[in-house]
There are 2 protein chains.
Amino acid sequence: MSELRQDIATKRWVIVAHERARRPHQFVKQVGVRQEPDHRDDCPFCEGNETQTPPEVYAWREQSEPNQPGWKVRVVPNKFAALSPAAKWGVQHPEIFTTISGYGAHEVIIETPQHNQTLATLPQEQVELVLQAVLQRMRTLAQDEHIAFVQVFRNHGAAAGTSLVHPHSQLIATPIVPTNIREEIEEARRFYDDRVHCVYCYLLKKEQEQNERIVMATDRYVVLAPFASRFPFELMVLPRRHAASFIFDAKREDLAPLADVLRRTLLLLYHAANNPDYNAVLHTAPIRDSCLDYYHWHIEIMPRLTTPAGFELGTGIYITTAIPEETAAYLREQAQRVG
Amino acid sequence: MSELRQDIATKRWVIVAHERARRPHQFVKQVGVRQEPDHRDDCPFCEGNETQTPPEVYAWREQSEPNQPGWKVRVVPNKFAALSPAAKWGVQHPEIFTTISGYGAHEVIIETPQHNQTLATLPQEQVELVLQAVLQRMRTLAQDEHIAFVQVFRNHGAAAGTSLVHPHSQLIATPIVPTNIREEIEEARRFYDDRVHCVYCYLLKKEQEQNERIVMATDRYVVLAPFASRFPFELMVLPRRHAASFIFDAKREDLAPLADVLRRTLLLLYHAANNPDYNAVLHTAPIRDSCLDYYHWHIEIMPRLTTPAGFELGTGIYITTAIPEETAAYLREQAQRVG
């Protein structure tokens, strides 16, 4: 029989449709992974093609000049930026048809010069350089008084909304706190008001007690198949230490352990689910909201193996035919196989 | 320059990315419409195949027997129901890992015996029979004290999450009020608290004054390209008369004008955007919430010509490259051409 499950942190409901439940491996698409060369002349993110992007705003280089080859990670404004620091700041018509000028930033983090890698297949040190770039850019953007939030996200594959193969993440700095983040924080605050406890810390404790949905655990991080997963193979990377803001709490020495767990999680997904298309998002406290006690930064990984339809769009309730406990068991088993 | 736009009713933000804006016709996929026969022996929704579905819960027939040919509209439980009235009602573990048993209903409204039609291409009288079936089933399900909400939705095409060609809509009756509906109502209540006015009635008045985004207007309904559209060709059908609940306010004589505007809107989309895949949802007041003064039922039509990516999933803010005012102008022009 089906059941409705509620996520304790967001109060979001899902329907787990046991009637049509499929085993985890049945969601895996049996298509071959397309072979790509390690360099393409027509790829704007490949080394040597630096002039095909707007000038870089950050790069990790040993000695070469800006916008020249010789980098390991490079951050550039998105050529078709959704928001831009060049826009004049302004709010119009706050009574009806409210608009804010497109002020903000939209940047691409080019994760490696190598065209045919992905975050999962890069060495840990390279993933660490990517996280360093992200953290650095977030901190710089956070200085701007008109920036309220920075959303870091990764689109992998066509079903996840990208056609660019070259490994990259993106960030968009927005002049407002996005609705989803606002709601997550609001729910976390309500929980704290009731119990004087961070809901994510509480969740972590309960998940460890039950030990049914934990996929991977390190000294500092736990990777979960969330109880109210919306997508097959959905995963959450949760730091054990309470911290609301990735931007202000993460220290440079925290990045190696995070790179390790992130890389291993994505590599597991890569092997166990045949390199699925996915979106990953970093949820962290808004820049100027004081939610230190009750919010807790985390990463959500959402494979795109199914298509949300009218019911999901209308209600916000996802129907899922993947059972999170089975997903976790399957991934733990696969982790042993791939080592 | 891009701009952020806020929807006054839901407070949802979108980014209209003028930098990469495309003209409405550029979103239209230039693929031929697949030819389908008017009957298929292997389609469970075709006439003569009534035994391939669970027994019907409603049908419009002139004289034939239940579950036999001779119907014009037929409603059956979904064979792989997400929720079912056979489930035992119950809430478990309300402290953490909350679940509700899968109690509810999941039904398919087979809109015509003809396999190769769609709601857009059916005669108005047939669309009226479909609406009658929907209304009747919603009213019956509303009698059940454990049902809190009925979501009616239509998935058209593979990108909208359906593989079944035969024209059908669905409904899912849920034991909870879905988050999206709860939030819409909450925002509408806030607006009413401030201004003692329904936000949808206010929006209608302002949209008529501006007359920039109205696609079609009849005596009783207005069809809009919403100011903060999330999707190219997104449309909203709004009744002029204030009414919170489609279930309790619609009278049988209201169904012909609604069938007329709905059919004409979908036919316009069919011709102007080359039969796009889309989801349509009916938003109406929850069954036992008294939001009579401030909520206003409506239909949302969401073509699936673009793929939401990590930013949308993470923030809830959609980036759109379609400009609603241009969409409305294009559709008005096309309406004149197709008559």
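For the structure, see preceding data.
Residues numbered from 1 in each chain as written. Chains lettered and ligands numbered in written order. Predicted model: local features only at pLDDT ≥ 70, side-chain atom pairs only at ≥ 80, totals over all residues.

A. View of the overall build of chain A. When helices and strands are counted, chain A shows seven helices and 15 strands. A compact globule built from 339 residues would reach a C-alpha radius of gyration of about 20 Å, and chain A, at 20 Å, matches this within 12%. Here chain A holds 339 residues, and 49% of them are scored as buried. Of all intrachain contacts in chain A linking residues separated by at least 6 positions in sequence, the fraction that spans at least 24 positions is 69%. (Helix = DSSP H or I, 4+ residues; strand = E, 2+ residues; numbered from the N terminus. Rg over C-alpha atoms; globule rule 2.2 N^0.38 Å. Buried ≥ 20, exposed ≤ 12 C-beta atoms within 10 Å, placed from the backbone. Contact = placed C-beta atoms within 7 Å.)

B. Region of interest: the relation of the copies chain B and chain A. Least-squares fitting of chain B to chain A yields an RMSD of 0.0 Å, with the transformation described by 0.0 Å of translation along the axis and a rotation of 180°. These values place the two chain copies in the arrangement generated by a two-fold rotation axis. Interface overlap between copies is the fraction of interface residues in one copy that are interface residues in the other; for chain B against chain A it reaches 100%, indicating a shared surface. (Least-squares fit on C-alpha atoms with pLDDT ≥ 70 in both.)

C. Summary view of the interface of chain B and chain A. In this assembly, 56 residues from chain B lie in contact with 57 residues from chain A. Residue assignment for the side of chain B that touches chain A shows that the elements contributing at least two residues are β1 (3-6), β2 (13-16), β6 (99-101), β8 (149-156), α2 (179-195), β13 (278-283) and α6 (310-315) of chain B. Ranked by residue count, the leading element in the side of chain B that touches chain A is α6(B), at five residues. In terms of strand pairing, strand β1 (residues 3-6) of chain A meets β6(B) through three bridges, oriented antiparallel. When the bridges of β6(B) are listed, Glu3(A) appears paired with Ser101(B). (Pairing = 2+ DSSP bridges.)

D. Examining the pairing of strand β7 (residues 105-110) of chain A more closely. Residue and element names in this part refer to chain A. Across the six residues that make up β7, a large majority, six, are buried. Residues Ala105, Glu107 and Ile109 point to one face of β7 and His106, Val108 and Ile110 to the other, with burial holding for every one of them. Of the pairings in the sheet, the one linking strand β4 (residues 71-77) to β7 comprises four bridges and is antiparallel in character. Its bridge partner being in β7, proline 77 is matched across the sheet by glutamate 107. Pairing analysis gives six bridges linking β7 to strand β9 (residues 168-174), with the strands arranged antiparallel.

E. Representation of the sheet that holds strand β5 (residues 91-92) of chain B. Overall, mixed pairing links the five strands, which are arranged β15(A)-β2(A)-β1(A)-β6(B)-β5(B) in an open sheet. In this open sheet, the two edge strands, each paired with only one partner strand, are β15 (318-320) of chain A together with β5 of chain B.

F. Representation of the sheet that holds β2(B) within the structure. Taking strand neighbours across the sheet as the criterion, the five strands line up as β5(A)-β6(A)-β1(B)-β2(B)-β15(B) in an open arrangement whose pairing is mixed. Of all the strands in the sheet, the pair left with one neighbour each is β5 (91-92) of chain A together with β15 (318-320) of chain B. In this structure, β1(B) lies alongside β2(B), joined through four bridges in antiparallel fashion. Bridge pairing in β2(B) links Leu4(B) to Ile15(B).

G. Up close: helix α3 (residues 199-210) of chain A. Between its first and last C-alpha, α3(A) extends 16 Å over 12 residues, near the 16 Å set by a 1.5 Å rise per residue. Directly after α3(A), the chain includes Asn211(A), whose backbone phi takes a positive value near 50°. (Expected span 1.5 Å × (residues − 1).)

H. View of α2(B). Residues and elements named next belong to chain B. The end-to-end C-alpha distance of α2, which contains 17 residues, comes to 24 Å, matching closely the 24 Å that a straight helix rising 1.5 Å per residue would cover. For α2, every residue scored as buried is listed here: Ile181, Glu184, Ala188 and Phe191. Projected onto a plane normal to the axis of α2, the buried residues spread over an arc of 90° and lie on a single side. Opposite the packed face of α2, turned more than 90 degrees from it, sit the exposed residues Asp193 and Asp194. Two residues or fewer after α2 comes valine 196, characterised by a positive phi angle close to 55°. (Arc of directions from axis to C-beta.)

I. Layout of the environment of Leu269(B). Secondary-structure assignment places Leu269(B) in helix α5 (residues 255-272). Separated by 149 residues in the primary sequence, Leu269(B) and Ala120(B) have C-alpha atoms spaced 8.5 Å apart.

J. Summary view of the packing of helix α5 (residues 255-272) of chain A against helix α7 (residues 324-338) of chain A. All names here are of chain A. Relative to each other, α5 and α7 sit at 95°, their axes nearing to 10 Å. Comparing the axis directions of α5 and α7 gives the class roughly perpendicular. Across the interface between the two elements, Leu268, His271 and Ala272 from α5 touch Tyr330, Leu331, Gln334, Ala335 and Val338 from α7. Here the contact of α5 with α7 is composed, by residue class, of six nonpolar, two polar and no charged. (Axes fitted to C-alpha atoms, helices over the stretch in contact; angles between N-to-C directions. Parallel < 35°, antiparallel > 145°, perpendicular 65-115°, else oblique. Nonpolar A, V, L, I, M, F, W, Y, C, P; charged D, E, K, R; others polar.)

K. Summary view of the packing of helix α1 (residues 124-142) of chain B against α5(B). Residue and element names in this part refer to chain B. Relative to each other, α1 and α5 sit at 115°, their axes nearing to 8 Å. Note that α1 runs across α5; the crossing there is right-handed. The segment α1 lies against α5, with Gln124, Val127, Glu128, Leu131 and Gln132 engaging Leu255, Ala256, Leu258, Ala259, Asp260, Leu262 and Arg263. (Left-handed = near helix turned anticlockwise from the far one by under 90°.)

L. Main features of the environment of Val28(B). All names here are of chain B. Counting through the fold element by element, valine 28 comes out in the loop between β2 and β3 (58-61). Each C-alpha atom of the pair valine 28 and phenylalanine 233 lies 9.6 Å from the other, and the pair is 205 residues apart in sequence. Ignoring anything within four residues of it in the chain, the contact list for valine 28 reads Ala273 and Asn274.

Everything listed here is a matter of geometry and, on its own, says nothing about what the molecule does.
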